[in-house]
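Chain by chain, the residues run as shown.
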Amino acid sequence: MFKKITNLLTAISFFAVTTLFGFSASAQQAPIVIKLSHVVAENTPKGLASLKFKELAEKKLPGKVQVQVFPNSQLFGDAKELEALLLNDVQMINPSLSKFDRYTKKIQVFDLPFIFKDAKAAADFQKSKDGQDLLKSMEDKGLIGLAYWHNGMKHFSANKEFRVPNDIKGLKFRIQASDVYESFMKALGANGQKMAFAEVYQALQTGVVDAQENTYSNMYSQKFHEVQKTIVETNHGILDYMVVVNAKWWNGLPADIKKGLSEALAEATVYNNKIGQEKNDEAKKLIIDSGKAKVVKLTDAQLTEWKKSVAPVYAQFEKDIGVDLIKSAQKHSQAAQPKAEKPATKK
Ligand code: SIN
C-alpha cells in the first residue's frame, strides 16, 4: 500500500514538474512579434536597413523576437501608419521626417527649403542636442523616436522641360503631407498636392499631378523617371527618417529585449547611413543610363532663382518651429561651407 502511494505521488510530481517546465519552456519560446512597416521598396536605404535590423535583432535575441518587415505600404500606407503604431497594430515604423507635423510642429524644421547645404549638414544637426531632443519631442503623444535614418537630398522632377521656378508656374506637384511643402510650392508659383507615396506613380502617369520631388533612390525604385521628362538637381531638401516605436509598448519590454533591440537598431542605423549615399548615386546612374528622364545640373545663377523663393516660407513657419531651432539647424550648413568658397584675396 505504502509503495503504491509512493509511486502515485512520484507520478503526480513527475507530471506536475514536466507540465510546469514544459509550459514555461514553450512560453519562453513564444517570440515577441515586432511588425515593422514602411512605404518604400526593399532595394532602397530604408528597405535594406529594415531587413538588416530584422537580421541583427533575431541574431542577438534568438528565439525571443521575430521581426516581420512589411515594405511598399503592404501593411499600412502613409496615411495610416502612425495611427496604426499608436494602436499597437504595428510596433515599429520609420516614416520620413515630413510626416510627423501632426505630432510636433518643431520637426517642420527639417522641411524648410534649402536649410541644409547637404546630407552631412542634416546628419550633423540630427546628432546635436537639439536634433536628439526632437527624437523625444513626441513622447507625450505616445511616440518615442529611437534613431534617424538617412536617405538623401531631394530634387524636383516634372513632365516637361524646366530649369527655374518660372518654368513650373501652375504645375501640380505631389508633395508629402507637409504644410511647409504646401507653402513652398505656393512660393514657387506651383500647386502642392498632398498624396500618399504609394499613389504617386499612377498620379504622375495619368496626369493627376505633373511633377514631384524626391531622392534618386525613391524615383528610380518607384519608376517615376519613366513618367517624368526632366529631373532638376535642386538639392532643395532632405529626405530622412525617424525610427519610432509606440512608447507604451517599448517601455513595457523586458530589459534584455530592449537592450538587444537597441543594439540591433544602432548597428542597422550605421548600415543605413553607410548605404544611403551609395544607393542614391547608383539610382542616379541607372536613371541616366535608362535615357528616360533627362537629369539636369543647375548653374549657380539658376540655383539662386530657386533659393530666392523661400523667404515667405520661413516667415510663415518660424513661430511654430522657433527661431532658435532654425538657427541651430542652419549652423551646421555654415560650418560645412568648404574653405575654397571664401572670397579669393587679390595678390
Ligand atoms: C519614403 O521615403 O518613406 C517616402 C517619401 C515620400 O513620401 O515621398
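From a predicted model like this one, the values you see are computed outputs, not experimental measurements.

1. Observations concerning the overall build of the chain
Scanning the chain from terminus to terminus reveals 13 helices and nine strands. Looking at the chain as a whole, 49% of its 347 residues are labelled buried. For the chain, the exposed surface amounts to about 17,100 Å²; the carbon and sulfur share of it is 57%.

2. Looking at the environment of Y216
Within the secondary structure layout, Y216 lies in helix α8 (residues 216-221). For Y216, a relative accessible area of 5% gives the class buried. Linking Y216 and K284, residues 68 residues apart in sequence, is a C-alpha distance of 5.5 Å.

3. Quick word on the packing of aromatic side chains
Tallied over the entire structure, the rule returns eleven aromatic pairs. Taking the centre distance of 5.1 Å and the plane angle of 25° together, the rings of F156 and W306 count as stacked. Taken together, the residues span a long stretch of sequence, with F156 in strand β4 (residues 143-158) and W306 in helix α11 (residues 300-308) at a distance of 150 residues. Taking the relative accessible area as the measure of exposure, F156 reaches 0% and is therefore buried. Between Y181 and F184 the ring centres are 5.8 Å apart and the planes differ by 70°, which places this aromatic pair in the edge-to-face class. Remark: F184 and Y181 occur in helix α6 (residues 179-188); sequence separation between them is three residues, near one turn of the helix. By the burial criterion, Y181 is buried, and F184 matches it.

4. Focus: the site of the ligand
As a matter of local geometry, the ligand sits amid V39, V40, K46, K99, R174, Q176, F197, N214, N218, L239 and Y241. A distance of 2.8 Å separates an oxygen atom of the ligand from a polar side-chain atom of K99. Notes on the ligand: free accessible area 260 Å², of which the protein chains cover 100%. Split by residue class, the shell around the ligand holds five nonpolar, three polar and three charged.

5. Comments concerning the side chain of H332
When you line up the elements, H332 lands in helix α13 (residues 323-335). Separated by 3.5 Å, the side chain of H332 and the backbone oxygen of S328 make a polar contact. Leave out the neighbours within four places in its chain, and H332 touches A121, D124, F125 and S128.

6. Observations regarding the pattern of salt bridges
In total, this model carries 24 salt bridges according to the counting rule given. Note that K60 is salt-bridged to E267, the shortest N-O span being 2.8 Å. Here K60 is found in helix α2 (residues 45-60), whereas its partner E267 is found in helix α10 (residues 255-290), with 207 residues between them in sequence. With its nearest N and O atoms 2.9 Å apart, the salt bridge here joins K284 to E233. Of this pair, K284 sits in helix α10 while E233 is found in strand β8 (residues 230-246), placing the two residues 51 residues apart along the sequence.

7. Some details on the nonpolar core
Ranked by internal contacts, the top residues of the largest apolar core, which has 54 residues, are V109, F110, L112, F116 and M242. By size, the runner-up hydrophobic cluster in this structure holds 43 residues, among which are V39, V65, I231 and A268.

8. Observations concerning the pairing of strand β2 (residues 65-70)
As paired elements, strand β1 (residues 32-37) and β2 share six bridges and run parallel to each other. In the strand pairing of β2, I34 is matched with V67.

9. Section: the pairing of strand β6 (residues 191-194)
Inspection of the sheet shows strand β5 (residues 172-175) paired to β6 by four bridges, in the parallel sense. Looking at the pairing, F173 lines up with G192 of β6. Handedness of the β-α-β unit built from β5, α6 and β6 comes out right-handed.

10. A few points about unusual backbone geometry
The phi torsion at N72 lies on the positive side, around 55°, for a residue other than glycine. Mapping N72 onto the fold places it in the loop between β2 and α3 (78-86). With a phi close to 55°, S73 is a non-glycine residue in the positive phi region. Structurally, the position occupied by S73 is in the loop between β2 and α3. For S73, a relative accessible area of 16% translates into the label buried.

11. Digging into α2
The end-to-end C-alpha separation of α2 is 22 Å, in line with the 22 Å expected for 16 residues at 1.5 Å each. When α2 is considered as a whole, its buried residues turn out to be P45, K46, G47, A49, S50, F53, L56 and A57.

Parameters at a glance
Residues numbered from 1 in each chain as written. Predicted model: local features only at pLDDT ≥ 70, side-chain atom pairs only at ≥ 80, totals over all residues. Heavy atoms only, no water. Helix = DSSP H or I, 4+ residues; strand = E, 2+ residues; numbered from the N terminus. Buried < 20%, exposed > 50% of the residue type's maximum accessible area, 1.4 Å probe, protein only. Areas by Shrake-Rupley, 256 points an atom, 1.4 Å probe, with all protein chains shown as cover. Phe/Tyr/Trp six-rings, centres within 6.5 Å; stacked < 30°, edge-to-face > 60°. Near = heavy atom within 4 Å. Polar contact = N/O pair within 3.5 Å; in protein donor to acceptor, adjacent residues only side chain to side chain. Nonpolar A, V, L, I, M, F, W, Y, C, P; charged D, E, K, R; others polar. Contact = heavy atoms within 4.5 Å. Salt bridge = Lys/Arg side-chain N within 4 Å of Asp/Glu carboxyl O. Core = buried A, V, L, I, M, F, W, Y, C linked by side-chain atoms within 4.5 Å. Pairing = 2+ DSSP bridges. Right-handed = clockwise from strand over helix to strand, strands pointing away. Expected span 1.5 Å × (residues − 1).

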